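Chain and residue survey
One-letter residues, chain by chain:
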Protein chains: 2
Amino acid sequence: MPTAAREFTAHDLVSRLESLSEFGATHPGVTRLVYDASWRAAHRWLRTEAETLGLAGTPDWAGNLFLHDPAFVADGSRAALLVGSHLDSVVRGGRYDGAYGAIAGLLIAAALRGASGTPVVGFVTAEEEDSRFHGGMMGGRSLLGGVSEDELDEVKDADGTSWREALAEARADGTAAAQTPDSSRPLVRPLRVLELHIEQGPVLEAERLALGIVTHIAGYRRWRARFDGDARHSGTTPMSHRRDALVCSAEVVLALESLAREHGEPAVGTAGRIAAGPGLFNVVPGDSDVWLELRHSDHAALDRLSRELEERVAAIANRRGLTVSMELVSSQAPQPLDSGLADRAESVARDLGVSSRRMVSGAAHDTMVTARAGIPSLLLFVPSRAGISHSPDEHTEPEALWTGFRVGLELCRRLQAEGGA
Amino acid sequence: MPTAAREFTAHDLVSRLESLSEFGATHPGVTRLVYDASWRAAHRWLRTEAETLGLAGTPDWAGNLFLHDPAFVADGSRAALLVGSHLDSVVRGGRYDGAYGAIAGLLIAAALRGASGTPVVGFVTAEEEDSRFHGGMMGGRSLLGGVSEDELDEVKDADGTSWREALAEARADGTAAAQTPDSSRPLVRPLRVLELHIEQGPVLEAERLALGIVTHIAGYRRWRARFDGDARHSGTTPMSHRRDALVCSAEVVLALESLAREHGEPAVGTAGRIAAGPGLFNVVPGDSDVWLELRHSDHAALDRLSRELEERVAAIANRRGLTVSMELVSSQAPQPLDSGLADRAESVARDLGVSSRRMVSGAAHDTMVTARAGIPSLLLFVPSRAGISHSPDEHTEPEALWTGFRVGLELCRRLQAEGGA
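Residue numbers run consecutively from 1 along every chain, following the written order of its sequence. As they are written, the chains are lettered A onward and the ligands numbered 1 onward, keeping that order. The predicted nature of this model means local features are confined to residues of pLDDT at least 70 and side-chain atom pairs, given and counted, to a pLDDT of 80 or more, with totals for whole chains, interfaces and linings taken over all residues. Only hydrogens and water are removed before side-chain values are computed, so all heavy atoms of the structure are retained for them.

Brief notes about the overall build of chain A
Tallying secondary structure elements over chain A gives twelve helices and 15 strands in all. Based on C-alpha atoms, the radius of gyration is set beside the globule rule, defined as 2.2 Å times the residue count to the power 0.38. The C-alpha atoms of chain A give a radius of gyration of 24 Å, which matches the 22 Å a tight globule of 421 residues would have. With respect to the principal axes defined by its C-alpha atoms, chain A has extents near 85 × 50 × 40 Å. Any residue under 20% of the maximum accessible area for its type is buried, any over 50% is exposed, and the rest in between are partly exposed; the area is computed with a 1.4 Å probe on protein chains only. Evaluated residue by residue, chain A yields a buried proportion of 60% over its 421 residues. Residues are treated as being in contact if the distance between any of their heavy atoms lies within 4.5 Å. Put simply, 78% of the contacts in chain A that link residues at least 6 apart link residues at least 24 apart. Accessible surface computed for chain A: about 15,100 Å², of which carbon and sulfur atoms make up 49%. Computing the positive centroid from 43 side-chain charges and the negative centroid from 58, chain A places the two 2 Å apart. Secondary structure elements are taken from DSSP: a helix is a run of H or I of four residues or more, a strand is a run of E of two residues or more, and numbering for both begins at the N terminus. Residue-level accessible areas treat just the shown protein chains as cover; the underlying method is Shrake-Rupley with a 1.4 Å probe. Positive charges are assigned to Lys and Arg, negative charges to Asp and Glu, while His and the chain termini are left out of the count. Every charge is mapped to an atom, namely NZ of Lys, CZ of Arg, CG of Asp or CD of Glu.

So this is what it looks like as C-alpha cells:
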C-alpha cells in the first residue's frame, strides 16, 4: 500500500528546479550534456528525490528515467500516461529548458501516485538538445525503442567518443540499465504523453498569457545557397559591370525575410550564416555562401514557401547574372500534436482561470517524437522572459512556472480519472 | 657620344614582358614581392637589358631603378621626364600589372636616348602593391625622398622582417644603393611623370577603345560597420519580434549598391566582407559585421556619398531597432592628374588614330604619389581582358599593348622636344 500522495506548493517546484540547476552549473548557465558527470549526478539526484516522494526511479538502457509508483512494474508490460521532459541542456544553457518539465513530471507523478485510474508516470529523457552528439532526439527515440545497435557505434561526439562508449559510463554508474537496444521495448508503454516546457520564444510574454497550448510542432527546410560571380577590383569595376556575389546573397537574405513576412505567422524564415570571398575591402566578392531556413507548421504551406523561395533565389541570381546552387541540407516534417488533448488542456485552463492561447512550437521537443510514433501527445508552454533561451539569461517567473504546473497536474488528474490501460 | 637610339617593334615589347614574367612565375601567375629573390633577379635582368639597349641602370637606396642615358648623371643634380611603373606583383598576380609600364619605360628611354631636349628616363619603382609589406606606396614615396629612417624599422612583413632587414638583402645584391633615406634626395628630379598601365577594369574593352587617359585617381573611404540585435531561436521567434543583425547588414549591402548606382559613374560602392554570429541555422543572428567602401574621383562627391551612406546605415539600423557602430578604418583622398598632360595625350592619340576616352582610375598607382607631390603626372591605360587583374588570368592583347606604347612614346618624344630642365 503506497503512502498517501502529497499536495505540492510553488516552492516545491521552484526549489527543486534550483537544485537541479546546480548539476552542470557553469556560472553563468548550465552545461549538462548527456552521460557527462553532471548529467549522471543530476540523474542520481532525481532518482533520490523520487524515492523521497514515495516513487521509484527506473532507467532504461539509454538512461531515460521513469518515475513511478513502486507498485507499478516498469518492465514493458504496463501502459501509462507519461508526463515529463528532458534532462540534458545545451552548452551554457539556462535553468528551465527541459528541467522544468522533468521536475513537473516528478511532482505530478508523485501527486497522482496511488490514485485509481490510469497510472501516471514521470519521464525524463536522456537527451534532446543535440549538443553533445548529433544523433537527433536520441532520448525520445530510444524511449520508444527506435534505435539500432549500429547507431550506438555510428553516433560520436566531438571527441570521437561513441554513443556506446559514453553509455558505458552511465551503465557503470547505474544511470542507464544494461539492456541492449535490440532486445528493448519501452519500459513503460506510453498511452499519452504530456510535456511541460518553457516557450523559448516571446509570444506568451508579449501577449501577457500564462499558457501556450501547442497544436503543432513546425517543420523546417534548410538550404545552403552558393552564388558565383566575378571577383573584380572594387575600384576599377563600374557598378554596371559587376557580378557581385555578396549583393546577390544580401538580396536573397531580404527576400527570405519578405517571404516569411508576406506569408504571415507561423511562417518564419532565417538566414543564419553568410560568407563572401575573397573578403577584402578592394575586391568585389566573387562568391558567397548563405544558409537559409524556412519553418512552418503545415506541410503544404512549407512546400509552397520552399518552392517560392527557390524561385525567388533563382530569379535574383538570374537577374544579376550569377550562377547559383541551392542544396537542401536538412529538413523536418511538421508534426501535429493531439487535438483532443489540446481541447482538454484548454478546458482545464479555463476552469482554473488561466489565460491561454493555441500556438505552434517552432522548435522540436520530445513530444514531436512521441506524436510521430502515433502516441497522442501534447506540449504546454509557459512564458520565457524576452523569449530568451539556450542562454544563461533564460528566465521564467516562479508564479508562471507554477501556473503551468497546475494546469498540467489537473489535466493529468482528469486523464487519470478516466481510466484506461 | 651615345650610340644611336633604336626603333622598336611590338615584338620587342612583348618578348621582354614574357621574359620579365619568368621572374617569380608561380605557374599559373606571377609572385614577385619586393626584395625577394625573384624581384632581385628581375631587377638585375632589367638593368642588363637596359645596358644591352645602351642605357645605364641606377638603383636608389630603396631599390627603385632609373634607366637612363649613360651620359645622364643620376646623382640628384639633374631633372628629367620619368616614364615607367612598378616591378613588384601581388601574390599570384598577372604578367602585365606594373610590368607593362616598366618595360614600356625601358624601351621609351632607349628609343629617346641621346635626342636633344628634356632627358627621358625610365623608372621602375620597387614596390607598389602592398603585398609583402603594408607600407603604402613604398616605392613611389621613397623615389621622392618621403620616407624616414624610423619607417624602415616600423614597416614589417608577415614574417616580422622589417623593411630595413629586407632592404639589406637587396643592398648586398646591388639591387639597392647603400644610401640612407635621411641623406637621400631623388636621384633624378622628376619634371613630369608618365605611367603606362593596364586598366584592371572592363571599361575600355567594353567600349572597344584602345586608350584610357586618366584624369583622376579616385579616393576612397572604408568603414567597418557592426550591428547588434538579439540572437534568438529561429523557430520560436516570430518575424515581428526579431532584431536580426544579418538582415540589417544585408539591407546595408544593398543600400550601398543603390547609392553608388543612383549617383552614377565614377562612384562605386562595395561591401567586400560580411559575417554574422553565431552563424547557425537555428539562431537569428544577433550580431553582424560588414566592410563597406566608397570610391569617387571628386572630393566633394566622396564627402557627399559618405554622409549619405552613414545616414542610410543609421536609418536602417534605427528602423530595425539595432545598434550600429560604423568605424572609418581608412581613407584616401581623390587625386587629380595633370590636365595639360591629358590634353597632350589626347592630341597624340588623335594624331596616331588611336581611339581613346578620358576616365577615372579606381585604383591607386605610382602616379598618385608623384601627382600628390605636385609633379605633373599622367597615367595611360590599355584594355584588360574582362577587366581581370591581380590574377593569373590577367591578359592584354599584344596589339593593344603596342598601341598604348606608341602613344606613350610619341607623347614623350613631343615633351622631350619641347626641352626644359
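Alright, that's what it looks like, and here's the rest.
Examining the packing of aromatic side chains
Centre distance within 6.5 Å is the pairing criterion for rings of Phe, Tyr and Trp, where only the six-membered ring of Trp is used; planes under 30 degrees apart are then read as stacked, over 60 as edge-to-face, and the remainder as tilted. Applying the stated criterion across every chain, the model contains ten aromatic pairs over all chains. Measuring from centroid to centroid gives 5.0 Å for B:Trp402 and B:Phe405, while their planes differ by 20°, and the two rings are stacked. Remark: B:Phe405 and B:Trp402 occur in helix H12 (residues 398–417); sequence separation between them is three residues, near one turn of the helix. Any Lys NZ or Arg CZ found within 6 Å of a ring centre and within 35 degrees of that ring's normal is scored as a charge over the ring. Over the ring of A:Tyr220 we find A:Arg222, and its NZ or CZ is 3.9 Å from the ring centre. For the cation-ring pair, A:Arg273 lies above A:Trp291, with the distance from its terminal atom to the ring centre recorded as 4.8 Å.

With respect to the interface of chain B and chain A
Contacts between chain B and chain A engage 57 residues on the former and 57 residues on the latter. Accessible area that two parts lose when put together, with a 1.4 Å probe and added across both, is what the buried area reports. Counting each side, the surface lost to burial between chain B and chain A is near 4,700 Å², with a carbon and sulfur contribution of 64%. One speaks of a salt bridge when a side-chain nitrogen belonging to Lys or Arg is within 4 Å of a carboxyl oxygen belonging to Asp or Glu. Our count for the contact surface shared by chain B and chain A stands at two salt bridges. We call two N or O atoms a polar contact when they sit within 3.5 Å, provided that within protein one can donate a hydrogen and the other can accept it, with sequence-adjacent residues counted only if both atoms are side-chain atoms. Where chain B touches chain A, the interface holds 16 residue pairs in polar contact (both at pLDDT 80 or more). If you list the elements that add at least two residues to the side of chain B that touches chain A, you get helix H7 (203–206), strand S7 (219–228), strand S8 (232–233), helix H8 (245–263), strand S9 (268–277), strand S10 (283–284) and strand S11 (287–296) of chain B. Among the residues making up the side of chain B that touches chain A, the classes are represented as 29 nonpolar, 16 polar and twelve charged. Put simply, Ala, Val, Leu, Ile, Met, Phe, Trp, Tyr, Cys and Pro go in the nonpolar bin, Asp, Glu, Lys and Arg in the charged bin, and everything else, Gly too, in the polar bin.

A look at the layout of surface pockets
Only protein atoms enter the calculation, which uses a 1 Å grid: trapped sets of points that fit a 1.4 Å probe without letting it out are cavities, open sets showing protein on both sides within 12 Å along at least five of seven lines are pockets, and any residue with an atom within 4 Å of a point is a lining residue. Grid points are joined across faces, edges and corners, and a volume is the space filled by probe spheres set on the points. The volume enclosed by the largest pocket comes to roughly 1,200 Å³. Lining the largest pocket are 43 residues, with A:Glu129, A:Asp130, A:His390, B:His233 and B:Asn282 positioned closest to its centre. When contributions to the lining of the largest pocket are tallied by element, the ones reaching two or more residues are strand S7 (219–228), strand S11 (287–296) and helix H11 (366–372) of chain A together with S8 of chain B. Of the residues that constitute the lining of the largest pocket, the class distribution is 18 nonpolar, 15 polar and ten charged. Lining of the second largest pocket is provided by 32 residues; of these, A:His233, A:Asn282, B:Glu129, B:Asp130 and B:His390 occupy positions nearest its centre. Of all the secondary structure elements, the ones that give two or more residues to the lining of the second largest pocket are strand S8 (232–233) of chain A together with S7 of chain B. Residues of the lining of the second largest pocket, tallied by class, amount to twelve nonpolar, twelve polar and eight charged.

Digging into the relation of the copies chain B and chain A
Rotating chain B by 180° and translating it 0.0 Å along the rotation axis places it on chain A, where the RMSD comes to 0.1 Å. Taken together, the turn and the small shift mark the pair as related by a two-fold rotation axis. Of every C-alpha in chain B, the one belonging to B:Ala250 sits nearest the axis of rotation, 2.2 Å from it. When the interface residues of chain B are mapped onto chain A, 100% of them are again interface residues, pointing to one common binding face. When the copies are superposed, the least-squares fit draws on C-alpha atoms of residues that have pLDDT of at least 70 in both.

What to know about the pattern of salt bridges
Summed over the entire model, instances satisfying the criterion amount to 63 salt bridges over all chains. Put simply, A:Asp12 and A:Arg16 hold a salt bridge, and the shortest N to O gap is 3.9 Å. Of this pair, A:Asp12 and A:Arg16 both sit in helix H1 (residues 10–21), four residues apart, roughly one helical turn. You can call A:Asp12 buried: its relative accessible area is 12%. Taking relative accessible area as the criterion, A:Arg16 reaches 11% and is therefore assigned buried. A salt bridge links B:Arg44 to B:Asp173, with the shortest nitrogen-to-oxygen separation between them at 2.6 Å. Of this pair, B:Arg44 sits in helix H2 (residues 37–52) while B:Asp173 sits in helix H6 (residues 163–173), placing them 129 residues apart in sequence. Look at B:Arg44 and you get partly exposed, because its relative accessible area is 38%. Looking at B:Asp173, the relative accessible area reads 28%, which means it is partly exposed. The network of salt bridges with shared partners includes A:Arg224, A:Arg226, A:Asp228, A:Asp287 and A:Asp289.

Things to note about the packing of H8(B) against helix H9 (residues 299–320) of chain B
Residue and element names in this part refer to chain B. Note on geometry: axes are C-alpha line fits, over the in-contact stretch for helices, and angles between N-to-C directions span 0 to 180 degrees. Running from N to C, H8 and H9 cross one another at 150°; their axes reach a closest spacing of 10 Å. Overall, the two elements H8 and H9 adopt an arrangement that is roughly antiparallel. Seen from above, H8 lies across H9 with right-handed handedness. Of the residues in H9, those in contact with Val247, Cys248, Glu251, Val252, Ala255, Leu256, Ser258, Leu259, Glu262 and His263 of H8 are Ala301, Arg304, Leu305, Glu308, Leu309, Arg312, Val313, Ile316, Ala317, Arg319 and Arg320. Among the residues making up the contact of H8 with H9, the classes are represented as twelve nonpolar, two polar and seven charged. Here roughly perpendicular refers to angles of 65 to 115 degrees, roughly parallel to angles under 35, roughly antiparallel to angles over 145, and oblique to all remaining angles. Each crossing is labelled by how the near helix is turned from the far one, with a counterclockwise turn of less than a right angle marking it left-handed and a clockwise turn marking it right-handed.

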